[in-house]
Every structure is written in structure tokens, then in C-alpha cells.
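Results of the structural survey
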Amino acid sequence: MYLDRSALLGRTTRRYKDVPLSDGGVVRLQSLTDLERMEWNQELFDGDGKPVVERWKYQTAKLLVRVIVDGEGKRVFADHEWESILDMDSLDTDVLGDEARKHIGAVDRDAKKS
């Protein structure tokens with residue numbers, strides 16, 4: 001069934017994904033709106049649209065503060081708390097970062113084809 005305009009614009013419900021970590025703990029991730037994803041992505045570039053290498057180093061931390069939520073769907077971190085993510089175990093942030101990028105649709109589409 002094809003979705004009409006109203007049905008498409010009504011797709012505003014957040015999606016959630018529970019991600020198990022190596023120690024048995026579970027972290028819940030939420031989806032982002034297109035605007036939220038665009039704002040996160042836009043931080044990686046300068047005013048001319050060129051990538052800023054310094055900003056790319058922190059992209060995973062800045063994404064994770066936006067998508068990690070508690071069991072009720074409330075954000076655990078505010079945007080400005082991204083530096084606290086840098087103190088987490090790198091295995092956890094790698095797993096969470098990979099799952100978060102997949103969950104919000106921010107994956108390399110060329111890599112999917114191979």
C-alpha cells in the first residue's frame with residue numbers, strides 16, 4: 001500500500017533499539033528526526049560545506065548524547081555533555097556508535113552495496 005502525504009507526514013513516532021554491551025548491560029537508543037540528524041551532521045562541516053577534521057574526531061560522542069535514552073525514552077545526556085562520552089570504554093562507544101549510525105540511517109550507502 002502506498003502512503004499518501006498525510007500518512008508520510010504522520011511518521012513522527014520515535015523508534016527505539018536496545019543494544020547489549022559486552023558486560024551484559026543494555027543501552028537504549030532512540031531514532032532522530034530528519035532535522036535532528038541534519039543538525040548533528042552539519043556540525044561536521046564549516047560554512048562552505050568542507051569537512052572540519054577536528055570536528056570529525058568527536059562525531060560519535062556528539063551522536064551518542066543525542067540518541068542514548070532511558071527506559072522511558074528520556075534523553076540521558078544533554079547536547080553539551082558530549083565530552084563525558086570520551087571517558088567511556090572504547091569498545092562500548094564503538095558498538096554504540098555503529099548501532100546508532102545504523103539506527104538513524106547515517107551509514108555509508110556504498111558500503112551496503114558491496
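Structure first, text after, so check above.
Quick caveat, the model's predicted, so the values are computed rather than measured. (Residues numbered from 1 in each chain as written. Predicted model: local features only at pLDDT ≥ 70, side-chain atom pairs only at ≥ 80, totals over all residues. Heavy atoms only, no water.)

1. A look at the overall build of the chain
- Scanning the chain from N- to C-terminus turns up seven helices and three strands.
- Put simply, the chain runs from its N terminus to its C terminus through helices and strands in the order α-β-β-α-α-α-β-α-α-α.
- The dimensions of the chain, computed from C-alpha atoms along their principal axes, are 45 × 40 × 35 Å.
- Taking all 114 residues of the chain together, the buried fraction comes to 26%.
- Restricting to contacts in the chain with at least 6 residues of sequence separation, those with at least 24 account for 51%.
- Working note: accessible area of the chain is about 8,100 Å², and carbon and sulfur atoms make up 51% of it.
- With 19 positive and 23 negative side-chain charges, the chain shows a separation of 7 Å between the mean positions of the two kinds. (Helix = DSSP H or I, 4+ residues; strand = E, 2+ residues; numbered from the N terminus. Buried < 20%, exposed > 50% of the residue type's maximum accessible area, 1.4 Å probe, protein only. Contact = heavy atoms within 4.5 Å. Areas by Shrake-Rupley, 256 points an atom, 1.4 Å probe, with all protein chains shown as cover. Lys, Arg positive; Asp, Glu negative; His and termini not counted. Charge placed at Lys NZ, Arg CZ, Asp CG, Glu CD.)

2. Points about the environment of Leu96
- For Leu96, the location among the structural elements is in helix H6 (residues 90-104).
- In this structure, the C-alpha to C-alpha distance between Leu96 and Glu81, residues 15 residues apart in sequence, is 16 Å.
- Those residues in contact with Leu96, other than ones at most four positions away along the chain, are Val19, Leu21, Val27, Leu29, Leu64, Ile68 and Met88.

3. Quick notes on H6
- Across its 15 residues, H6 extends 21 Å between first and last C-alpha, which sits within 8% of the 21 Å expected from 1.5 Å per residue.
- Listed as buried for H6 are Asp92, Thr93, Leu96, Gly97, Glu99, Ala100, Arg101, His103 and Ile104.
- Considering only its buried residues, H6 is in contact with strand S1 (16-20), strand S2 (26-30), helix H2 (34-42), helix H4 (59-67), strand S3 (68-69) and helix H5 (82-85).
- The backbone nitrogen of Leu91 has a side-chain oxygen 2.8 Å away, supplied by the residue at the start of H6, namely Asp89.
- In the stretch just after H6, Gly105 is the one whose phi turns positive, near 80°. (Expected span 1.5 Å × (residues − 1). Polar contact = N/O pair within 3.5 Å; in protein donor to acceptor, adjacent residues only side chain to side chain.)

4. Here we look at the sheet that holds S2
- The three strands are arranged S1-S2-S3 in an open sheet whose pairing can be described as antiparallel. Only two strands of the sheet have a single neighbouring strand rather than two, namely S1 and S3.
- The sheet contact formed by S2 and S3 spans two bridges and is antiparallel. Looking at the pairing, Arg28 lines up with Val69 of S3. (Pairing = 2+ DSSP bridges.)

5. Re the nonpolar core
- Residues Leu29, Leu63, Leu64, Val67 and Leu96 are the most contacted members of the largest nonpolar core, which totals 17 residues.
- Secondary structure elements with two or more residues in this core: S2, H4, H5 and H6.
- Tallying contributions element by element places H4 first for this core, with five residues.
- Residues contacting Leu64, with those up to four places away along its chain left out, are Ile85, Thr93, Leu96, Gly97 and Ala100. (Core = buried A, V, L, I, M, F, W, Y, C linked by side-chain atoms within 4.5 Å.)

6. A few points about the pattern of salt bridges
- Taken as a whole, this structure holds 11 salt bridges when the rule is applied.
- Here Asp18 makes a salt bridge to Arg28, at a shortest N to O gap of 2.7 Å. Here Asp18, found in strand S1, pairs with Arg28, found in strand S2; they are 10 residues apart in sequence, far enough to count as distant.
- Owing to a relative accessible area of 26%, Arg28 belongs among the partly exposed residues under this scheme. (Salt bridge = Lys/Arg side-chain N within 4 Å of Asp/Glu carboxyl O.)

7. Quick look at the pairing of S2
- Here S1 runs beside S2; their pairing, made up of five bridges, is antiparallel. Across the sheet, the residue bridging to Tyr16 is Gln30, located in S2.
- A loop of five residues connects S1 with S2, the two strands running antiparallel in sequence, and Gly24 in this loop sits at a positive phi of about 95°.

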